[in-house]
Amino acid sequence: EPEVTQTPSHQVTQMGQEVILRCVPISNHLYFYWYRQILGQKVEFLVSFYNNEISEKSEIFDDQFSVERPDGSNFTLKIRSTKLEDSAMYFCASRYRDYGYTFGSGTRLTVV
Amino acid sequence: QQPVQSPQAVILREGEDAVINCSSSKALYSVHWYRQKHGEAPVFLMILLKGGEQKGHDKISASFNEKKQQSSLYLTASQLSYSGTYFCGTESQAGTALIFGKGTTLSVSS
């Protein structure tokens, strides 16, 4: 069964440093998303990406965040200057039209 | 607007049934249901679309009342593997991102 792949699985970074989280969505999927989950709480929407541009973003997704799809397969989330409160599990997801989301296994980001 | 899930937690014995509810204050295009086990990613269970179409798991059923913006997930004859946190996600228009509820924790014991 096709999978969404995320790397790295764990990332520890110092406050103020930049991090890039990487995702490879399922190849025929059209919509791509980033969500985050803090310590087993609810899954929070960050940004959605369709047709090579951001289609929607939440209040969390401020100027410190950016997304790219540099080569038609990878989908990245960059946090420019990490804060302690950015510590969370970050999930990438993809979707084909009116079907469910397929989530990757996540990147656990710890900011120290 | 975040959907509201109830109950927050359910404790069952194997073989018992459970219903998890999800309601929204906004008109909805679809409702999704996902299950997440501890330390893992959410896994898609079912999507219910405006107009009545359903796609998903064949052992789990759900309903969607479009007029009331409510959905219910029905877990029958629960198994140990059903344990986890169930999230509903709502889509207000086709193509918009899912907004998830806070989740319902289901614990099934033998």
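Residues numbered from 1 in each chain as written. Chains lettered and ligands numbered in written order. Predicted model: local features only at pLDDT ≥ 70, side-chain atom pairs only at ≥ 80, totals over all residues. Heavy atoms only, no water.

Enquirer: Sorry if this is basic, but what is going on with the interface of chain A and chain B here?
Expert: For an interface, size is often stated in terms of accessible area lost upon the parts coming together. Tallying the contact residues gives 19 residues for chain A and 22 residues for chain B. Of all residues in chain A, the largest losses of buried area upon contact with chain B belong to Lys42, Asp98 and Tyr101 of chain A, amounting jointly to 31% of the total for that side. Viewed at the interface, chain B and chain A are joined by one salt bridge. In this structure, the salt-bridge partner of Glu91 of chain B is Arg95 of chain A, at a minimum N-O distance of 3.0 Å. Taken together, the links from chain A to chain B amount to eight residue pairs in polar contact (both at pLDDT 80 or more). Put simply, the parts of the chain that give the side of chain A that touches chain B at least two residues each are strand 4 (31-37), strand 5 (43-50) and strand 9 (88-95) of chain A. Per element, the largest residue contribution to the side of chain A that touches chain B is four residues, and it comes from strand 4 of chain A. Here the side of chain A that touches chain B is built from residues that sort into nine nonpolar, six polar and four charged. (Contact = heavy atoms within 4.5 Å. Buried area = accessible area lost by both parts, 1.4 Å probe. Salt bridge = Lys/Arg side-chain N within 4 Å of Asp/Glu carboxyl O. Polar contact = N/O pair within 3.5 Å; in protein donor to acceptor, adjacent residues only side chain to side chain. Helix = DSSP H or I, 4+ residues; strand = E, 2+ residues; numbered from the N terminus. Nonpolar A, V, L, I, M, F, W, Y, C, P; charged D, E, K, R; others polar.)

Enquirer: So what exactly am I meant to see when it comes to the pattern of salt bridges here?
Expert: Side-chain pairs of opposite charge can arise where the charged atoms are in close proximity. All names here are of chain A. Under the definition given, this model contains four salt bridges over all chains. Linking Asp86 and Arg36 is a salt bridge whose minimum nitrogen-to-oxygen distance equals 3.9 Å. Taken together, the residues Asp86 in the loop between strand 8 (75-79) and strand 9 and Arg36 in strand 4 connect sequence positions 50 residues apart. Considered together, Asp86 and Arg36 belong to a single accessibility category, that of buried residues. The structure contains a network of salt bridges with shared partners spanning Arg36, Glu44 and Asp86. (Buried < 20%, exposed > 50% of the residue type's maximum accessible area, 1.4 Å probe, protein only.)

Enquirer: Honestly, the sheet that holds strand 1 (residues 5-7) of chain A in this entry has me stumped. Any pointers?
Expert: Remark on secondary structure: sheet strands pair via backbone hydrogen bonds, oriented parallel or antiparallel. Residues and elements named next belong to chain A. Here we have four strands laid out as an open sheet, ordered 1-3-8-7, and antiparallel in their pairing. Edge strands, defined here as strands with exactly one partner in the open sheet, are strand 1 and strand 7 (65-68). Strand-to-strand, the axes of this sheet are offset by a mean angle of 15°, without reference to chain direction. In the sheet, strand 1 pairs with strand 3 (residues 19-24) via three bridges, with the strands oriented antiparallel. (Pairing = 2+ DSSP bridges. Axes fitted to C-alpha atoms, helices over the stretch in contact; angles between N-to-C directions.)

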